[in-house]
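Notes for the structure review
Take a look at the letters that make up each chain.
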Amino acid sequence: MSSFKTEPKTNYQTLLTSHPNLRLDSIKGLCFGTIALEMLTKHYGSPLWIINADIIKSRYQRLTQAFQPKKIDVSIHYAVKANDHLAVIDLLAKEGAGVDIVSLGELKRALQVHINPKKICFSGVGKTEEELKTAIDLELGQINVESREELLLISQVAQQRGKKAAICLRINPDVNAKTHHKITTGLAENKFGIAYQHALPVYKEAYQLSHIIPLGFDVHIGSQISSVEPYQKAFVKMVDLIQHARLEGLKVSVLDCGGGFGISYYNEKEANPVELADLMDKTFASLDLHLCIEPGRWLVGPAGILISKVTRRKDNESKAAPFIILDAAMNDLIRPAMYDAWHGILPVQAEIYNRPLESLNIDGPICESSDIFARQRNLPSLKEGDDIAILDTGAYGHVMSSSYNARPQALQLMIKNNKVHLIKPRQTIEELWNKEIIPE
Ligand SMILES: *Cc1c(COP(=O)(O)O)cnc(C)c1O
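This structure is a prediction, so every number in the text was calculated from the model and none was measured. (Residues numbered from 1 in each chain as written. Predicted model: local features only at pLDDT ≥ 70, side-chain atom pairs only at ≥ 80, totals over all residues. Heavy atoms only, no water.)

The three strands lie next to each other as β1-β2-β3, forming an open sheet whose pairing is antiparallel. Two strands close off the open sheet at either side, each with one partner strand: β1 (22-25) and β3 (35-36). Sheet topology note: the strand β2 (residues 29-32)/β3 ladder contains two bridges and is antiparallel. If you follow C31 over to β3, its bridge partner there is A36. (Pairing = 2+ DSSP bridges. Helix = DSSP H or I, 4+ residues; strand = E, 2+ residues; numbered from the N terminus.)

Moving on, we come to the packing of aromatic side chains. Counting across every chain of the model gives seven aromatic pairs. Between Y203 and F217, the aromatic rings sit 4.5 Å apart at their centres with planes inclined by 40°, giving tilted as the arrangement. Of this pair, Y203 sits in helix α8 (residues 199-208) while F217 sits in strand β11 (residues 212-218), placing them 14 residues apart in sequence. Judged by its relative accessible area of 0%, Y203 falls in the buried class. Considering the side-chain rings of Y231 and F235, the 6.0 Å spacing of their centres and the 45° angle between planes classify their relative orientation as tilted. Of this pair, Y231 and F235 both sit in helix α9 (residues 229-247), four residues apart, which is roughly one turn of the helix. Judged on exposure class, the residue Y231 and its partner F235 are both buried. R59 extends its terminal NZ or CZ atom over the ring of W298, reaching a point 4.1 Å from the ring centre. Seen from the ring of Y196, K237 lies directly overhead, with NZ or CZ sitting 5.1 Å from the centre. (Phe/Tyr/Trp six-rings, centres within 6.5 Å; stacked < 30°, edge-to-face > 60°. Buried < 20%, exposed > 50% of the residue type's maximum accessible area, 1.4 Å probe, protein only. Lys NZ or Arg CZ within 6 Å of the ring centre and 35° of its normal.)

For the rest of this paragraph, the subject is the site of the ligand. The full set close to the ligand counts 14 residues, and K81, S223, E294, R297 and Y396 are the nearest of them. Between the ligand and the protein, one listed contact pairs an oxygen atom with a backbone N or O atom of G296 at 2.9 Å. Residue Y396 places a side-chain N or O atom 2.5 Å away from an oxygen atom belonging to the ligand. For the ligand, whose free accessible area comes to 390 Å², the fraction covered by protein is 94%. (Near = heavy atom within 4 Å. Polar contact = N/O pair within 3.5 Å; in protein donor to acceptor, adjacent residues only side chain to side chain. Areas by Shrake-Rupley, 256 points an atom, 1.4 Å probe, with all protein chains shown as cover.)

Within this structure, the stated rule accounts for 23 salt bridges. Of the charged contacts in the structure, one is a salt bridge between E146 and R170, with a shortest N-O distance of 2.8 Å. A residue pair is termed long-range when its members are at least 10 positions apart, and E146 in the loop between β8 (142-145) and α7 (148-161) and R170 in strand β9 (residues 165-172) qualify at 24 residues. Looking at E146, the relative accessible area reads 2%, which means it is buried. (Salt bridge = Lys/Arg side-chain N within 4 Å of Asp/Glu carboxyl O.)

Here the chain is partitioned into domain 1 (4-53 + 301-428) and domain 2 (54-300). A separation of 33 Å is found between the C-alpha centroids of domain 1 and domain 2. Between domain 1 and domain 2, the contact holds 35 residues from the first and 25 residues from the second. Summed over both sides, the interface between domain 1 and domain 2 buries roughly 2500 Å², with carbon and sulfur atoms accounting for 57% of that surface. In this assembly, domain 1 and domain 2 are joined by zero salt bridges. The interface formed by domain 1 and domain 2 contains 16 residue pairs in polar contact (both at pLDDT 80 or more). Secondary-structure elements contributing two or more residues to the side of domain 1 that touches domain 2 are α1 (12-18), β4 (48-52), α12 (335-339), β20 (411-416) and β21 (419-424). Here the side of domain 1 that touches domain 2 gets four residues from one element, more than from any other, and that element is β20. Each residue belonging to the side of domain 1 that touches domain 2 can be placed in one class, and the counts come to 16 nonpolar, 14 polar and five charged. (Domains from an automatic or database assignment. Contact = heavy atoms within 4.5 Å. Buried area = accessible area lost by both parts, 1.4 Å probe. Nonpolar A, V, L, I, M, F, W, Y, C, P; charged D, E, K, R; others polar.)

Within the largest apolar cluster, 112 residues are counted, with the highest numbers of intra-cluster contacts made by I167, F217, M280 and F284. Looking at this core element by element, the count peaks at eight residues for α9. The residue makeup of this core includes at least three contributed by each of domain 1 (4-53 + 301-428) and domain 2 (54-300). The residues touching F284, leaving out its near neighbours within four places in the chain, are I72, F235, V239, L255, C257, L289 and L291. W49, L360, L379 and I390 belong to the second largest nonpolar core, which has 18 residues in total. (Core = buried A, V, L, I, M, F, W, Y, C linked by side-chain atoms within 4.5 Å.)

This paragraph deals with the packing of α9 against helix α10 (residues 273-284). If you want to describe how two helices pack, look at the angle between their axes and the distance between the axes. Where α9 contacts α10, the axes come no closer than 11 Å and their chain directions differ by 20°. Considering their axes alone, α9 and α10 lie roughly parallel with respect to each other. Every pair of crossing elements has a handedness; the one defined by α9 and α10 is right-handed. When α9 is examined against α10, the residues Y231, Q232, F235 and V239 are found in contact with a partner set consisting of L276, L279, M280, T283 and F284. Of the residues assigned to the contact of α9 with α10, the class counts are seven nonpolar, two polar and no charged. (Axes fitted to C-alpha atoms, helices over the stretch in contact; angles between N-to-C directions. Parallel < 35°, antiparallel > 145°, perpendicular 65-115°, else oblique. Left-handed = near helix turned anticlockwise from the far one by under 90°.)

Spelled out as structure tokens, the structure:
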């Protein structure tokens, strides 16, 4: 994963080439699809998020088309946590996707857009009894079980409710996904899943439980993975496990292959759905399995942009690069602060592109040194009042925002059928405290 330590000396041409959905018009400035971005902050204020439904749809179709010619039977469960706006879930549901959810809140969001409970997969390492009751009552398609303890609780709750719960065991394959350590999930040291060597005994135990329907296994090794190699390593282990289980007379009908497919933030290689489909076909075709995948970032990441206005330019004589302070901050987009994530930045107005390039630090206004968007980035010279677009923020962007520093959450727009729609107004300042209580 890109980090500030290895900041590429990019310029905007490289970014425009690697982001075909963005176009620079010599009069209208930066365009996202067919929409010129320059009028948006005038009309809606800043900062603002834009999610492009047309891009999500075409990415979803690219993914399904990769699997179409294959013999394997695969269903796609969108990982709601990447972007949980109802309009996004609704859009993907209408394209035919199921969902992967990790909380009661995400479950309710999915139900709100009428997703069939059979197309819902419930993941998460600490599901509460209340969450499990709801999941079991709704007879969700699949609960991905993260521990033996959870299996026993599910069995007990299902019995109390007079229901049967369909489950997959999430296995920790102990493979290195070669991604940022904060988004690696498939190493033995991570909290996720049942240790590979305990998988078979726990699956056998699941078979003994009268209110459990054991479907098979689940493996999710991390996020922002750009090569198929870590998947291959995990899948080989899963094949071995499935064969062992079957030799012992246990039925295995489902393998959930997880998500984690990487995107191109700079010009790194995006995970290629055709390569993934080839690998899954080659590995699993002879095993008579129903396969699932749970992509989040890959579907929605490149479809989102955060637009922000330059509040201040701070020329600092003791430092090489001036500080450009934006009106967006780490409370809006936390990925650079949290994961050292690198996001492309492009000016919005056409006229900015005529200025000379310089090396700039791009920062938020929050009272934390980690409130950073970019270090020593080569950009056309920026000044107060300019708008800039922070790219590839459709996944783990707005969903992770907070109101730290009493900053209201930014407004959200959606581009759909080449038109701009308001999908969530800016939070008002009064809304920040309207449920707060001062005791006597
Ligand atoms: C987060 C998560 C995903 C989605 O990960 P992406 O990197 O966004 O594709 C899928 N499955 C599980 C269990 C997850 O926790």
